[in-house]
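Chain and residue survey
Listed below are the residues making up each chain.
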Amino acid sequence: MEEITLPQDPYNVIITGVGGQGNVLASKVLGNILVRKGLDVTVGETFGATQRGGSVMSHLRISAATSWSPQIPRGMAHIIVALEPIEALRVLSVYGNPETLVISNDRPVHPVGVICGEVDYPEQVDLRRWLTTFSRAVYIIPATDEAVKLGAPILGNIILLGALAGIHALPFDRTDFSEVMSSMMSAGKMGANMKAFDLGTQMVS
């Protein structure tokens, strides 16, 4: 097997969102892809107060040499992939640093406090400015909107994985994704997932 060198070892990735967005599936797919490449991947997950609608965060610690504890230390995330933009900012404020890369969906999921009028959700222009200020690079893409066009909003998570592949920060591509997905789902679902992955890659190219 080809020896893989990571930019940093361990390389720390956080995938975050709210319950019901497919966060856990995305982390499982990415972890399986990288394990197949011969890397050691440790995954740790945290859930908010409710599985659907609460904050969900997956830590992936990726190494070519050894296993690491599942919890990424504060300020040590290399990449944050967010299915919900305010979650991107929340995670960046704790685990990010000036060299962190951020890939985020642009579609908000309003918490109960916002829906009830108790608190305000930040404007997208403010979120983009804050994310840009505290990271090295930010890619904000309409993952949910494009997933809806494909007929399944849940495919936003796959679009974001495609974007992650597209920035070439980790050693995986379309072929690696296809091989893992074909082992996890029926052939009838592969077409939509491959389209979603390709869309994400194109959005950051």
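Scroll up to find the structure.
Description of the structure in this document. (Residues numbered from 1 in each chain as written. Predicted model: local features only at pLDDT ≥ 70, side-chain atom pairs only at ≥ 80, totals over all residues. Heavy atoms only, no water.)

1. Quick look at the packing of aromatic side chains
By convention here, two paired aromatic rings are described through the distance between centres and the angle between planes. For the coordinates displayed, the defined rule picks out 2 aromatic pairs. With centroids separated by 4.3 Å and ring planes inclined at 15°, the aromatic side chains of Phe177 and Phe197 adopt a geometry described as stacked. Taken together, the residues span a long stretch of sequence, with Phe177 in helix α7 (residues 174-184) and Phe197 in helix α8 (residues 187-203) at a distance of 20 residues. By the burial criterion, Phe177 is buried, and Phe197 matches it. (Phe/Tyr/Trp six-rings, centres within 6.5 Å; stacked < 30°, edge-to-face > 60°. Helix = DSSP H or I, 4+ residues; strand = E, 2+ residues; numbered from the N terminus. Buried < 20%, exposed > 50% of the residue type's maximum accessible area, 1.4 Å probe, protein only.)

2. Overview of the packing of helix α1 (residues 23-36) against α7
Two elements in contact, α1 and α7, have axes whose closest approach is 9 Å; the angle formed by their N-to-C orientations is 115°. In this structure, the crossing between α1 and α7 has a hand that is right-handed. Between α1 and α7, the contacting residues are Leu25, Lys28, Val29, Asn32, Ile33 and Arg36 on the first element and Asp176, Phe177, Glu179, Val180, Met181, Ser183 and Met184 on the second. Residues that form the contact of α1 with α7 fall into these classes: 7 nonpolar, 2 polar and 4 charged. (Axes fitted to C-alpha atoms, helices over the stretch in contact; angles between N-to-C directions. Left-handed = near helix turned anticlockwise from the far one by under 90°. Contact = heavy atoms within 4.5 Å. Nonpolar A, V, L, I, M, F, W, Y, C, P; charged D, E, K, R; others polar.)

3. Observations concerning the packing of α7 against α8
Where α7 contacts α8, the two axes come as close as 11 Å, and the packing angle between them is 150°. Classed by the angle they form, the pair α7 and α8 counts as roughly antiparallel. The handedness of the crossing between α7 and α8 is right-handed. Judged by residue contacts, Arg174, Phe177, Ser178, Met181 and Ser182 of α7 engage Met190, Asn193, Met194, Phe197 and Asp198 from α8. Its residues placed into classes, the contact of α7 with α8 shows 5 nonpolar, 3 polar and 2 charged. (Parallel < 35°, antiparallel > 145°, perpendicular 65-115°, else oblique.)

4. Details of the pattern of salt bridges
For the structure shown, the criterion picks out 7 salt bridges. Glu87 serves as the salt-bridge partner of Arg90, at 3.0 Å between the closest nitrogen and oxygen. Of this pair, Arg90 and Glu87 are both found in helix α2 (residues 85-95), 3 residues apart, which corresponds to roughly one turn of the helix. Residue Glu87 is classed as buried on the basis of its relative accessible area of 4%. (Salt bridge = Lys/Arg side-chain N within 4 Å of Asp/Glu carboxyl O.)

5. Here we look at unusual backbone geometry
Cis peptide bonds are those with omega within 30 degrees of zero, and the linkage from Asp9 to Pro10 qualifies with 10°. Residue position: Pro10 is located in the segment before β1 (11-18). The backbone of His168 sits at a positive phi, close to 60°, despite the residue not being glycine. When you line up the elements, His168 lands in the loop between α6 (156-166) and α7. For His168, a relative accessible area of 67% corresponds to the exposed category.

6. Comments concerning the pairing of strand β5 (residues 101-105)
Here β5 lies mainly inside the structure; 5 of its 5 residues are buried. Of the two faces of β5, the one holding Leu101, Ile103 and Asn105 and the one holding Val102 and Ser104 are both buried throughout. Pairing analysis gives 4 bridges linking strand β4 (residues 79-82) to β5, with the strands arranged parallel. Residue pairing across strands places Val81 opposite Ile103, the latter belonging to β5. Taken together, the 5 bridges between β5 and strand β6 (residues 137-141) define a ladder with parallel strand orientation. Across the sheet, residue Ser104 finds its bridge partner in β6, namely Ile140. (Pairing = 2+ DSSP bridges.)

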